[in-house]
Amino acid sequence: MANEQAHVFFKSGDPAVAPILMLHGTGGDEEDLSKIASYLSPSSPQFGIRGRLIENGQTRYFNHTEDGGFDLESLDSETDWLLEAIDTYTEQYHLNQEKMIVVGYSNGANVAAYAWLAKHPRFKKAVLFHPMVLTQVTTLPDLSNVSLWASHGAQDPIVSKTNFDELMQTLDTAHADISIFEHEQSHNINEPELVSAKAWVTAHLN
Ligand code: MLT
């Protein structure tokens, strides 16, 4: 079974507070975002799931094609794998997936946003650090019960402003509730960004 391969990190917290699911950036692991999650919501239970693919020695949630584009078949099947793993581990650790806040960076933020647009995941809230559009979605889902915070850096060589705006526009058209944070730096997470994300998380813990 696919889930047997999952590398999972779990840190217990107050079971009454929304749990945080951490989805790392390219080359990261299941524990990478733990310090950030602790800052965003100190008492939340935390769990992280490592992307099970390795490309050029780096962990990822889906592959690229040989010409450098996104491999949409890999994206589709790995998103299914990840959502199954989320179901398995939220059950195992008794975590409320409806209340859960996904905290994703880059590759991890991308797979979370894609899941909303294409897969009807059970999670409804996310902090997406530096996400981007992976593919056009022809039929938009109704995301009126979804709330998200997302960030972008003006000097980001990976995510252009146009790309980020397109993703936000798509999510907005699908009726998601969106908060945006923009800084003048690159693909990095900076301190004012974390302060903004924390304020959003604090307001969405219930
Ligand atoms: C991706 O591959 O998901 C994006 O290029 C972001 C990243 O480098 O992880």
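Scroll up a little and you will see the structure.
Remember, predicted model here, so these are calculated numbers, not experimental data.

Basis of the calculations
- Residues numbered from 1 in each chain as written.
- Predicted model: local features only at pLDDT ≥ 70, side-chain atom pairs only at ≥ 80, totals over all residues.
- Heavy atoms only, no water.
- Helix = DSSP H or I, 4+ residues; strand = E, 2+ residues; numbered from the N terminus.
- Rg over C-alpha atoms; globule rule 2.2 N^0.38 Å.
- Buried < 20%, exposed > 50% of the residue type's maximum accessible area, 1.4 Å probe, protein only.
- Contact = heavy atoms within 4.5 Å.
- Expected span 1.5 Å × (residues − 1).
- Arc of directions from axis to C-beta.
- Core = buried A, V, L, I, M, F, W, Y, C linked by side-chain atoms within 4.5 Å.
- Near = heavy atom within 4 Å.
- Areas by Shrake-Rupley, 256 points an atom, 1.4 Å probe, with all protein chains shown as cover.
- Nonpolar A, V, L, I, M, F, W, Y, C, P; charged D, E, K, R; others polar.

1. Quick look at the overall build of the chain
Helix and strand counts for the chain stand at five helices and nine strands. Scanning the chain from its N terminus toward the C terminus, one meets helices and strands in the order β-β-α-β-β-β-α-β-α-β-β-α-β-α. Here the chain has a C-alpha radius of gyration of 16 Å; the compact-globule value for 206 residues is 17 Å, and the two agree. When the 206 residues of the chain are sorted by exposure, 52% land in the buried category. Long-range pairs, those at least 24 residues apart, make up 70% of the contacts in the chain between residues at least 6 apart in sequence.

2. Details of unusual backbone geometry
Most peptide bonds take the trans form, and the phi angle of most residues other than glycine is negative. Here Asn56, not a glycine, exhibits a phi torsion of approximately 50°, which is positive. Considering the arrangement of structural elements, one finds Asn56 in the loop between strand 4 (53-55) and strand 5 (58-60). For Asn56, a relative accessible area of 78% puts it in the exposed group.

3. Quick notes on helix 5 (residues 191-203)
Across its 13 residues, helix 5 extends 19 Å between first and last C-alpha, which sits within 8% of the 18 Å expected from 1.5 Å per residue. Along helix 5, the residues classified as buried are Glu193, Leu194, Ala197, Trp200 and Val201. Take helix 5 and look down its axis: the buried residues cluster within an arc of 125°, on one side only. Those residues of helix 5 that are exposed and aimed more than 90 degrees away from the buried face are Glu191 and Ala203. Packed against the buried residues of helix 5 are helix 1 (34-40), strand 6 (101-105), strand 7 (125-129), strand 8 (147-153) and strand 9 (177-183).

4. Some details on the nonpolar core
Core analysis: the largest hydrophobic core is formed by 42 residues, its most contacted members being Ile49, Ile86, Phe123, Leu128 and Leu148. Listed by contribution, the elements that provide at least two residues to this core are strand 2 (20-23), strand 3 (46-49), helix 2 (72-92), helix 3 (107-118), strand 7, strand 8 and helix 4 (161-173). Broken down by element, this core gets its largest block of residues, eight residues, from helix 3. Once residues lying within four places of it in the same chain are set aside, the contact partners of Ile86 are Leu21, Phe47, Ile49, Gln97, Met100 and Phe123. Membership of the second largest hydrophobic core comes to 20 residues, among which are Ala37, Val127, Phe129 and Leu205.

5. So, the site of the ligand
Taken together, Thr26, Arg60, Phe62, His64, Phe70, Ser106, Asn107, Asn110, Met132 and Ile158 form the complete shell of residues around the ligand. About the coverage of the ligand: the protein hides 88% of its 260 Å² of free accessible area. Looking at the shell around the ligand, its residues break down into four nonpolar, five polar and one charged.

6. Some remarks on the side chain of His152
Assignment of secondary structure puts His152 in strand 8. By relative accessible area, His152 is classed as buried at 1%. Once residues lying within four places of it in the same chain are set aside, the contact partners of His152 are His130, Val159, Ser160, Lys161, Phe164, Phe181, Glu182 and His183.

7. As for the environment of Ala16
Of note, Ala16 is situated in the loop between strand 1 (8-11) and strand 2. Once the C-alpha coordinates of Ala16 and Lys125 are considered, the two residues, 109 residues apart in sequence, prove to be 16 Å apart.

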